[in-house]
Amino acid sequence: MAEQVTLAVIISIISVAFSVYFGLKNSRRTDSKDFEENVKNNTRINMKLDEISRNVTDMRVEITSMREDMKSHNDRIIKVEESCKQAHHRIDGIEDRLNLVKDE
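As the structure is a prediction and not an experimental result, all values here were calculated from the model.

The rules behind each value
- Residues numbered from 1 in each chain as written.
- Predicted model: local features only at pLDDT ≥ 70, side-chain atom pairs only at ≥ 80, totals over all residues.
- Heavy atoms only, no water.
- Helix = DSSP H or I, 4+ residues; strand = E, 2+ residues; numbered from the N terminus.
- Rg over C-alpha atoms; globule rule 2.2 N^0.38 Å.
- Buried < 20%, exposed > 50% of the residue type's maximum accessible area, 1.4 Å probe, protein only.
- Areas by Shrake-Rupley, 256 points an atom, 1.4 Å probe, with all protein chains shown as cover.
- Salt bridge = Lys/Arg side-chain N within 4 Å of Asp/Glu carboxyl O.
- Patch = residues over 30% accessible without salt bridge, like charges linked within 9 Å, V, L, I, M, F, W, Y side chains within 5 Å.

## A closer look at the overall build of the protein
Point 1. A tally of helices and strands in the protein yields one helix and zero strands.
Point 2. Relative to its length of 104 residues, the protein is extended, with a C-alpha radius of gyration of 44 Å against a globular reference of 13 Å.
Point 3. If you line up the protein on its principal axes, its C-alpha atoms span 150 × 20 × 5 Å.
Point 4. Taking all 104 residues of the protein together, the buried fraction comes to 0%.
Point 5. Carbon and sulfur atoms form 60% of the exposed surface of the protein, whose accessible area is close to 10100 Å².

Structure follows, in structure tokens:
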């Protein structure tokens, strides 16, 4: 009977040892999978942030280009207004001469 108790205790100890071993092994595997998943998520986040950064840089370049275009248009509008003003003065002069000729 003592042999049966000793055998039962030995089997129990071996069972507990295997349970602890496999539990730790699964824990490490889970930790490894969690680490891999975190790396994947961080990589995705970094890629998205890089894309956002590129888009912001592109927008800055476009805004700078638009500012230059607006300045160019502004300069051209000023020239057109000056030309229009000179044309009005010439038209007024022609109108005055025609009115003088008409009155005579």
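## A word on the environment of K25
Point 1. Mapped onto the secondary structure, K25 falls in helix α1 (residues 2–103).
Point 2. K25 gets classed as partly exposed once you look at its relative accessible area, which sits at 37%.
Point 3. Taking C-alpha positions, K25 is 97 Å from R90, a pair spaced 65 residues apart along the chain.

## Details of the pattern of salt bridges
Point 1. Applying the stated criterion across every chain yields a total of two salt bridges.
Point 2. One salt bridge connects R54 with E51, and the closest N-O pair in it is separated by 2.7 Å. With R54 and E51 both in helix α1, this residue pair falls three residues apart, about one helical turn.

## Focus on the environment of K71
Point 1. Inspection of the secondary structure puts K71 in helix α1.
Point 2. Among the residues examined, K71 registers a relative accessible area of 54% and is labelled exposed.
Point 3. In this structure, the C-alpha to C-alpha distance between K71 and H89, residues 18 residues apart in sequence, is 27 Å.

## Thoughts on a nonpolar patch on the surface
Point 1. Together, I10, I14, F18, Y21 and F22 line one region of the surface with nonpolar side chains, adding up to about 510 Å² of accessible area.
Point 2. With respect to the element layout, F18 can be found in helix α1.
Point 3. F18 sits in the partly exposed class, given a relative accessible area of 48%.

These figures capture arrangement, not role.
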